[in-house]
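# Coordinates in review
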Amino acid sequence: MKKNVLYILLVFLLPILAVLWWWGLFSQATVTISERGGYHYAYLEAIGVYSKHGSKQNEVRFELKQQGIAPGAQVTLILTDPRTTPHDQLRAYTGYMIAADATPKPPLKTATIPMRRVVVAQIKAHPLFAYGKTYSALLKFSRQHNMLLHLPTLEINQASVLSVEMPLDAQQQPSPPKPLIK
């Protein structure tokens, strides 16, 4: 019986753990403050549950390719907070970064995000894990520095690395972390 359990562990559990490790289940998001921006992107507005915006992003990619514009990194500007907004009213702009001189035609829209000071949570992981881990890291950082999650956040996904940028404004500079009291 003990040999069977060992074989089951080796044949089933270890490969599953290896895949989960590869996908980033055990990865942690890093959080830094930096200057980021100068992004030019093409997008469409998406309304509804954020996890279902893939079809809108595919639509943007299709339109860009039809117009001969090379899509860069995937971007999503999150406009509403899913913790406080009904799911059918969630809003985001989703699309791709494009060259600064590119001018896509309708139905695509374009926007530019200027250089600004942001808190960046970043992780290399499968999207199944990446979004939860980056937003958890942002929320933890915000609590530790007496800040609120400030929208809109910008999600940039490139080469399996997700970066979520939360803008800092003049009133929302991080304070020293709260001491741990036990």
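Notes on the structure in this doc start here.

The rules we used
- Residues numbered from 1 in each chain as written.
- Predicted model: local features only at pLDDT ≥ 70, side-chain atom pairs only at ≥ 80, totals over all residues.
- Heavy atoms only, no water.
- Helix = DSSP H or I, 4+ residues; strand = E, 2+ residues; numbered from the N terminus.
- Expected span 1.5 Å × (residues − 1).
- Buried < 20%, exposed > 50% of the residue type's maximum accessible area, 1.4 Å probe, protein only.
- Pairing = 2+ DSSP bridges.
- Axes fitted to C-alpha atoms, helices over the stretch in contact; angles between N-to-C directions.
- Contact = heavy atoms within 4.5 Å.

## Details of helix 3 (residues 127–144)
With 18 residues, helix 3 extends 26 Å between its outermost C-alpha atoms, agreeing within 8% with the 26 Å of an ideal straight helix rising 1.5 Å per residue. Burial in helix 3 covers these residues: Phe 129, Ala 130, Lys 133, Thr 134, Tyr 135, Ala 137, Leu 138, Phe 141 and Ser 142. Backbone geometry just downstream of helix 3 places Asn 146 in the positive-phi region, at approximately 55°.

## A short note on the sheet that holds strand 8 (residues 161–167)
Taken together, 8 strands build an open sheet; the order of strands is 1-6-8-7-3-4-2-5 and the sheet is antiparallel. Because the sheet does not close on itself, it has two edges, and the strands there are strand 1 (30–36) and strand 5 (109–113). Here the strands of the sheet are splayed against their neighbours by 30° on average, with no regard to which way each runs. By the bridge criterion, 7 bridges tie strand 6 (residues 116–124) to strand 8 in an arrangement that is antiparallel. The residue of strand 8 that forms the bridge with Gln 122 is Ser 163. Of the strands in this sheet, strand 2 (39–47), strand 3 (74–78) and strand 4 (91–97) touch helix 2 (residues 54–66), which is tilted by about 35° from strand 4.

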